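What the coordinates show
Chain residues, written in single-letter form:
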Number of protein chains: 2
Amino acid sequence: MPLLVVGSVALDSVETPSETREDVLGGSAVYFSYAASFFTSVRLAGVVGDDWPAAHTELLASRGIDTAGLQVVPGAKTFRWRGRYFQNMNQRETLDVQLNVMGQLEPVLPDHYRRCPFLFLANGSTGLQLKMLQQCPGAALTVADTMDLWIRTESKGLSELLKRIDGLVLNDSEAKLLSGDENLVRAGRRIREMGPKFVAIKKGEHGAMFFSQYETYVLPAYPTPNVVDPTGAGDAFAGGMMGYLAEQGNFDPRTLKEAMAYGTLTASFAVEDFSLDGLQRISREDIDRRMQEYKQMLSF
Amino acid sequence: MPLLVVGSVALDSVETPSETREDVLGGSAVYFSYAASFFTSVRLAGVVGDDWPAAHTELLASRGIDTAGLQVVPGAKTFRWRGRYFQNMNQRETLDVQLNVMGQLEPVLPDHYRRCPFLFLANGSTGLQLKMLQQCPGAALTVADTMDLWIRTESKGLSELLKRIDGLVLNDSEAKLLSGDENLVRAGRRIREMGPKFVAIKKGEHGAMFFSQYETYVLPAYPTPNVVDPTGAGDAFAGGMMGYLAEQGNFDPRTLKEAMAYGTLTASFAVEDFSLDGLQRISREDIDRRMQEYKQMLSF
């Protein structure tokens, strides 16, 4: 089934201890849609400026991603983010953010986007996420991401959003902030009580946790020795997860757990190079091969 | 098969955000032997002073732990450690260490201890670990723990030890320090190349990683919402792991992976209360019940 994602589309500059890349393709909706494209047909909504290279749109289209909802705004500039990773590659600092067109215009959803049965609200202001959600009243499964900025500044809107979505995906520090609890097991359960039917907490190199009314579990990350650039790993996780759910066309507990594993593995490829390079090198077969290895790793 | 552990026997004072306990039963060999006692017969070697409550020895003996090698030294004082946990319960600071008798006398191994087929060198100086190893030349499986202090101050002895043991168990920050690599997958592989046939890296709430010539894997921690006191969790992990190996009487790859899982679960009970209280409440059946739940969690 088709999957709609609304989120940031960006040009990232990334500094790691060994290498720096300037103005590479990035943004939450970009990582998400590329990752999801291994599993299902994806519709991408976002806004960019006229500094946006057409080659980036072509790359996404080459994966079958529908870019009808990617608006190029004349005279505007694309959202830019610059960050630096520390030696351990798990911590980073944001050096510069230029919202540009992202702060000025909202995505407009084409008609066929609004009828999409699977919806993912990637990182963006909570207000925008609520508006997008209202435009897709018939979605069978709606899942959102959030981040510390919105938890701090839009708590009222976020509280409303949490009551209206099916699932929330967020990282460990955001889960602690949102719940006010340092224990992630309690944090996940508390956030689920705020509304969503399920919560997925991303722990980076330590894997991901899942919470629903029925179960709590944790899956480890795939142990890759080759972490080049963790940017977008969380979005690639969400893309692999939602892509698999949309492919399967359901979200029962068993399918959700498989989706968590697919998200984990898709993210493991994403961190093995800068930008989308790690994902561009692979096919669905590579993901499925790693899945066999992963299942073997967890069976005893 | 019987399992010998040599290590610290202590009186700990533990401060957590919610509660403080003074002079409770602790030490690496104590946590280890109690955890291992669910699986096999354990022989404990260590030294204490005459301030050591006889009730502590009786508690260990009540689990079938052989305390013939636990020497009570008249006129000496028992090793004491005081630590404080931060709000997240994963970080702690050491407030006070009094080596006392630990810094003055070495354990003397009774004859039947020296013929033990399974040997664990719990935390202690590398020099002492080497001496104990020499006294047990016939051990079928020898595994050691180490810590930052010995990595920094006894690197030559540690290098020799690593060539003579079968397995090394250490925590994530120690693995990074010993290998000089911030990526734990690469760190584990490098340490294995220093000598031991296998390496287990403990990641606290994030589980444990395993490295041998044949495989690399990671198992998550059991997601307990109830973390009261993490002191001794790493030793309880090693105790559950080595105890299971000794019970099974072998250490093939399959048994090692089961042992890693048993270590993980034994540690999960240990952190649910102060001192040995969490382990005192349970039986082998509770561990096996949690194992079924854990296997279910990891299967999809």
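We now turn to the structure provided with this report. In this text, all values refer to a predicted model and were calculated from it rather than measured experimentally.

Take the overall build of chain A next. A count of helices and strands for chain A gives 12 helices and 13 strands. In summary, chain A has a C-alpha radius of gyration of 18 Å against a globular reference of 19 Å for 300 residues, a match within 12%. Seen through its C-alpha atoms, chain A measures out along the principal axes to roughly 55 × 45 × 35 Å. Looking at the 300 residues of chain A, the share that counts as buried comes to 59%. A separation threshold of at least 6 residues defines the contact pool for chain A, and within that pool the share at least 24 residues apart is 65%. Side chains of chain A give 30 positive and 37 negative charges; the mean places of these two sets differ by 6 Å.

Turning next to helix α4 (residues 126-134) of chain A. Every α-helix carries 3.6 residues per turn, so stepping three or four residues along brings you back to the same face. All names here are of chain A. Those residues of α4 lying buried are Thr126, Gln129, Leu130, Met132 and Leu133. The arc enclosing the buried residues of α4, seen along the axis, measures out at 165 degrees, which places them on a common side. Next to the buried residues of α4 lie β1 (3-6), β8 (118-121), β9 (141-145), α5 (148-153) and α6 (155-164).

Turning our eyes to something else, we now look at unusual backbone geometry. Residues and elements named next belong to chain B. A positive phi angle, near 50 degrees, is found at Asp23, a position not held by glycine. Its place among the elements puts Asp23 in strand β3 (residues 20-26). Residue Asp23 is classed as partly exposed on the basis of its relative accessible area, which comes to 38%. Phi at Met89 takes a positive value of approximately 65 degrees, unusual for a residue other than glycine. By secondary structure assignment, the location of Met89 is in the loop between β6 (79-85) and β7 (92-98).

Moving on, we get to the sheet that holds strand β2 (residues 10-15) of chain B. Residue and element names in this part refer to chain B. Taken in spatial order, the four strands line up as β3-β2-β6-β7 in an open sheet, and their pairing is mixed. Edge positions in the sheet fall to β3 and β7, since each of these pairs with one other strand and no more. Each strand of the sheet is rotated relative to its neighbour by a mean of 20 degrees, with strand direction disregarded. Where β2 meets β6, six bridges bridge the pair, whose relative direction is parallel. Looking across to β6, one finds that Val14 is bridged to Gly83.

Helix-helix packing is described using two parameters, namely the angle between the two axes and the distance between the axes. Residues and elements named next belong to chain B. Close contact between helix α4 (residues 126-134) and helix α6 (residues 155-164) brings their axes to 9 Å; oriented N to C, the two are set at 35 degrees. Crossing hand, α4 versus α6: left-handed. Residue-level inspection shows Thr126, Gln129, Leu130, Leu133 and Gln134 of α4 in contact with α6, the latter providing Gly157, Leu158, Glu160, Leu161 and Arg164. Taken together, the residues of the contact of α4 with α6 sort by class into four nonpolar, four polar and two charged.

When chain B is brought onto chain A, the operation consists of a screw motion whose angular component is 180 degrees and whose axial shift is 0.0 Å, with 0.0 Å RMSD remaining. Taken together, these values place the two copies in the relation of a two-fold axis. Taken as a fraction of all interface residues of chain B, those also at the interface in chain A reach 100%, which identifies the copy contact as same-surface.

Our next topic: the pairing of β2 of chain B. All names here are of chain B. With respect to burial, β2 is a largely interior element, six of its six residues being buried. With five bridges connecting them, β2 and β3 associate as antiparallel partners. Its bridge partner being in β3, Asp12 is matched across the sheet by Val24. Linkage of β2 to β3, two consecutive antiparallel strands, is achieved through a turn of four residues.

Moving on, we come to the interface of chain B and chain A. Counting residues at the interface gives 34 residues for chain B and 34 residues for chain A. Between chain B and chain A lies a buried interface of about 2,800 Å² when both sides are counted; carbon and sulfur atoms form 64% of it. On the surface where chain B and chain A come into contact, there are zero salt bridges. At the junction of chain B and chain A, the tally comes to 12 residue pairs in polar contact (both at pLDDT 80 or more). Put simply, the parts of the chain that give the side of chain B that touches chain A at least two residues each are α8 (184-193), β13 (216-219), α10 (253-270) and α12 (284-297) of chain B. Considering only residue class, the side of chain B that touches chain A consists of 17 nonpolar, nine polar and eight charged.

This part takes up the layout of surface pockets. Taken as a whole, the second largest pocket holds about 310 Å³ of empty space. Gln296 and Met297 of chain A together with Glu215, Tyr217 and Lys257 of chain B are the residues nearest the centre of the second largest pocket, which is lined by 18 residues in total. Put simply, the parts of the chain that give the lining of the second largest pocket at least two residues each are α12 (284-297) of chain A together with β13 and α10 of chain B. Per element, the largest residue contribution to the lining of the second largest pocket is four residues, and it comes from α12 of chain A. Residues belonging to the lining of the second largest pocket are distributed by class as follows: eight nonpolar, four polar and six charged.

Moving on, we get to the sheet that holds strand β11 (residues 198-202) of chain B. All names here are of chain B. Taken in spatial order, the nine strands of this open sheet run β5-β4-β1-β8-β9-β10-β11-β12-β13, and their pairing is mixed. With partners counted over all chains shown, the strands left at the sheet margins are β5 (66-73) and β13, one partner each. Direction aside, neighbouring strands of the sheet carry axes that sit 15 degrees apart on average. Of the pairings in the sheet, the one linking strand β1 (residues 3-6) to strand β4 (residues 42-49) comprises four bridges and is parallel in character. Looking across to β4, one finds that Leu4 is bridged to Arg43.

Attention shifts here to the packing of aromatic side chains. Residue and element names in this part refer to chain B. Summed over the entire model, instances satisfying the criterion amount to 18 aromatic pairs over all chains. Judged by centre distance (4.4 Å) and plane angle (5 degrees), the ring pair of Phe32 and Phe120 falls under stacked. Of this pair, Phe32 sits in helix α1 (residues 28-36) while Phe120 sits in strand β8 (residues 118-121); the two residues are 88 residues apart in sequence, bridging distant segments of the chain. We note that Phe32, like Phe120, is buried.

Cut-offs applied
- Residues numbered from 1 in each chain as written.
- Chains lettered and ligands numbered in written order.
- Predicted model: local features only at pLDDT ≥ 70, side-chain atom pairs only at ≥ 80, totals over all residues.
- Heavy atoms only, no water.
- Helix = DSSP H or I, 4+ residues; strand = E, 2+ residues; numbered from the N terminus.
- Rg over C-alpha atoms; globule rule 2.2 N^0.38 Å.
- Buried < 20%, exposed > 50% of the residue type's maximum accessible area, 1.4 Å probe, protein only.
- Contact = heavy atoms within 4.5 Å.
- Lys, Arg positive; Asp, Glu negative; His and termini not counted.
- Charge placed at Lys NZ, Arg CZ, Asp CG, Glu CD.
- Arc of directions from axis to C-beta.
- Pairing = 2+ DSSP bridges.
- Axes fitted to C-alpha atoms, helices over the stretch in contact; angles between N-to-C directions.
- Left-handed = near helix turned anticlockwise from the far one by under 90°.
- Nonpolar A, V, L, I, M, F, W, Y, C, P; charged D, E, K, R; others polar.
- Least-squares fit on C-alpha atoms with pLDDT ≥ 70 in both.
- Buried area = accessible area lost by both parts, 1.4 Å probe.
- Salt bridge = Lys/Arg side-chain N within 4 Å of Asp/Glu carboxyl O.
- Polar contact = N/O pair within 3.5 Å; in protein donor to acceptor, adjacent residues only side chain to side chain.
- 1 Å grid on protein atoms, 1.4 Å probe; cavity = no way out; pocket = protein on both sides within 12 Å on 5 of 7 lines; lining within 4 Å.
- Points joined across faces, edges and corners; volume = space filled by probe spheres on them.
- Phe/Tyr/Trp six-rings, centres within 6.5 Å; stacked < 30°, edge-to-face > 60°.

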